[in-house]
Amino acid sequence: MTNDTFTFETKLLHNSHKIDPVTGAVSVPIQHASTYHQFNIDSFGKYDYSRSLNPTREALEDVIAELEGGIKGFAFSSGMAAISTAFLLLSAGDHVVITEDVYGGTFRMVTEVLTRFGIEHTFVDMTNLEEVKLAIQDNTKAFYIETPSNPLLKVTDIQAISQLAKEIGALTYVDNTFLTPALQKPLQFGADIVLHSATKFLSGHSDVVAGLAVVKDEKLAKKLGFLQNSFGAVLGVQDAWLVLRGLKTLHVRLEQSQKSAIELAEFLQDHPLVQKVHYPHLACHPQHQLQQKQAAGPGAVLSFELKDEELLRTFVSNVKIPVFAVSLGAVESILSYPAKMSHAAMPEEEREKRGIRNSLLRFSVGLENVEDLKKDFSQAFEKIKGHSFAYKGA
Ligand SMILES: *Cc1c(COP(=O)(O)O)cnc(C)c1O
C-alpha cells in the first residue's frame, strides 16, 4: 500500500513528511536558518537561502500539493499574499473574468492595485455561464472563481469554467478556502491554480495567518516558484509548522462542523425571524445539485438574513457563544458581519448590488455542541421579540 492509495483522512497523517528522515521525529522540525553553508564553491546544496527554499516551509508545500492532487505547492505569508502573487502571472494588458461576490481583499487587490498595472477585470455572476461567456475579451487570460462564494455561498461549476478557459488559452484560479481539499479538489475539474487562506480551516485554530497555492503543471510551477521568490511574501517557519499541525485534524474538524452546520441551517430555515438561509446543502439552494456533483459536502459556513439591520443588531448583541469577528474556519464558531467586515472594502452600492445586505450575517460553525448553539440562537431571537418596536410579527 502506497500513500497514493490512502484515503484523505489517512493522508493527512501519513504523507511524505510523516517522519523526519534524519532523526525519525514524527513532527516536522522547525528550521530557523535563513542561510545555509555551501560545502563546495562550484555546486551549492539544495537549500541556499530561506526565501527561496526552506525545509519546514517545503514540508507544508509538499503536503498541500499531495492533498490537492497537484504537483507543487507554495506557502505564503497570508491568503492575500498567495492570491496577489498568483495574479502576478498576468501582465499589463491582460483581462480577468472574476466572480462578483469575491472575497473583499481580492476585490480590493483587483480593483485598486491590478488596475494601476494595466490589468483589467470584469465582474460576473459566475453561476451564470452565459454571462461569463459574454464577459470574455480578446485579452482574457484568467478566470477567477470562489466556490462556494463568500458570503452568499453561490456555487460555480469549476469544470464548465475551466473548459471555457481552456478554449481561449486562459488560466482558471479557484479560491478553495471554504471547502478545502477535504471536500473539493478543483484541480480534478480542470482548474490550474488552487488558492487558500490557510488562516481558515486548514490551520483551524485562529492562531496563524497563512496562504497556499497549488498547481498541477510543471511550467506553471516554475513560473509561480519564480514569482514566490521574486515577490518574497513567503510563510515563516513557525507558521508553516502551525499549519502542518492544524492539517492533521482537518478532516475530523470539518466533518464535525459540517454536521452541525447542516442542523443549524435547517433550524434557521424554520425560524420565523430568519428571512433567508444561504447554504448549498439546502434543497432550495439554486446550485444544490452542482454542489453535490463537485464537492463531498456543503462545508461549515452558512449565511442568513434577518428582516433588517435593527433586528440584526439586537441578535448580535445578545448571542453569547460565537465570537463576533472577522475570519472563519476555526474550532470556535465565528459570527461575522460581512457588510462591516469581510466586505467593508467594497463600496455599499456594489455590496447591495451583489446581495450582501446590511441584514446579512455569516456563520462559521465550530466544534461546540450544536444544541448549545441552537439554544443560544433561540435566546437571542427571543430578545428580538422582546423589542416590540423592532419586531413586527413573524
Ligand atoms: C480570509 C480569506 C482570504 C484572505 O486570506 P488571508 O489569510 O486573510 O490573507 C481569501 N479568500 C477567502 C475566501 C478568505 O476567506
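Note that the structure is predicted; figures quoted are calculated from it, not measured.

Cut-offs and rules
Residues numbered from 1 in each chain as written. Predicted model: local features only at pLDDT ≥ 70, side-chain atom pairs only at ≥ 80, totals over all residues. Heavy atoms only, no water. Domains from an automatic or database assignment. Contact = heavy atoms within 4.5 Å. Buried area = accessible area lost by both parts, 1.4 Å probe. Polar contact = N/O pair within 3.5 Å; in protein donor to acceptor, adjacent residues only side chain to side chain. Helix = DSSP H or I, 4+ residues; strand = E, 2+ residues; numbered from the N terminus. Nonpolar A, V, L, I, M, F, W, Y, C, P; charged D, E, K, R; others polar. Buried < 20%, exposed > 50% of the residue type's maximum accessible area, 1.4 Å probe, protein only. Near = heavy atom within 4 Å. Areas by Shrake-Rupley, 256 points an atom, 1.4 Å probe, with all protein chains shown as cover.

Draft legend 1. Region of interest: the domain arrangement of the protein chain. Annotation of the protein chain at the domain level lists domain 1 (3–247) and domain 2 (251–382). Look at where the C-alpha atoms of domain 1 and domain 2 centre, and you get two points 26 Å apart. On the side of domain 2, 41 residues touch domain 1, which itself brings 42 residues to the contact. Counting each side, the surface lost to burial between domain 1 and domain 2 is near 3,300 Å², with a carbon and sulfur contribution of 62%. Looking only at domain 1, the three residues that lose the most surface to domain 2 are Leu152, Leu183 and Phe201, adding up to 21% of its buried area. The interface formed by domain 1 and domain 2 holds 17 residue pairs in polar contact (both at pLDDT 80 or more) in total. Here the side of domain 1 that touches domain 2 gets 4 residues from one element, more than from any other, and that element is helix H4 (residues 104–113). Its residues placed into classes, the side of domain 1 that touches domain 2 shows 20 nonpolar, 15 polar and 7 charged.

Draft legend 2. Helix H12 (residues 309–318), seen in detail. Restricting attention to buried positions, one finds in H12 the residues Leu311, Leu312, Thr314, Phe315, Val316 and Asn318. Where H12 is buried, its residues meet strand E9 (301–306), strand E10 (323–324), strand E11 (334–336), strand E12 (360–364) and helix H14 (370–386).

Draft legend 3. Layout of the site of the ligand. With respect to spatial proximity, 14 residues lie near the ligand, and among them Met80, Asp175, Ser197, Thr199 and Lys200 are the closest. A distance of 2.8 Å separates an oxygen atom of the ligand from a polar backbone atom of Met80. For the ligand, the accessible surface in isolation is 380 Å², of which the surrounding protein chains cover 92%. By residue class, the composition of the shell around the ligand is 6 nonpolar, 5 polar and 3 charged.

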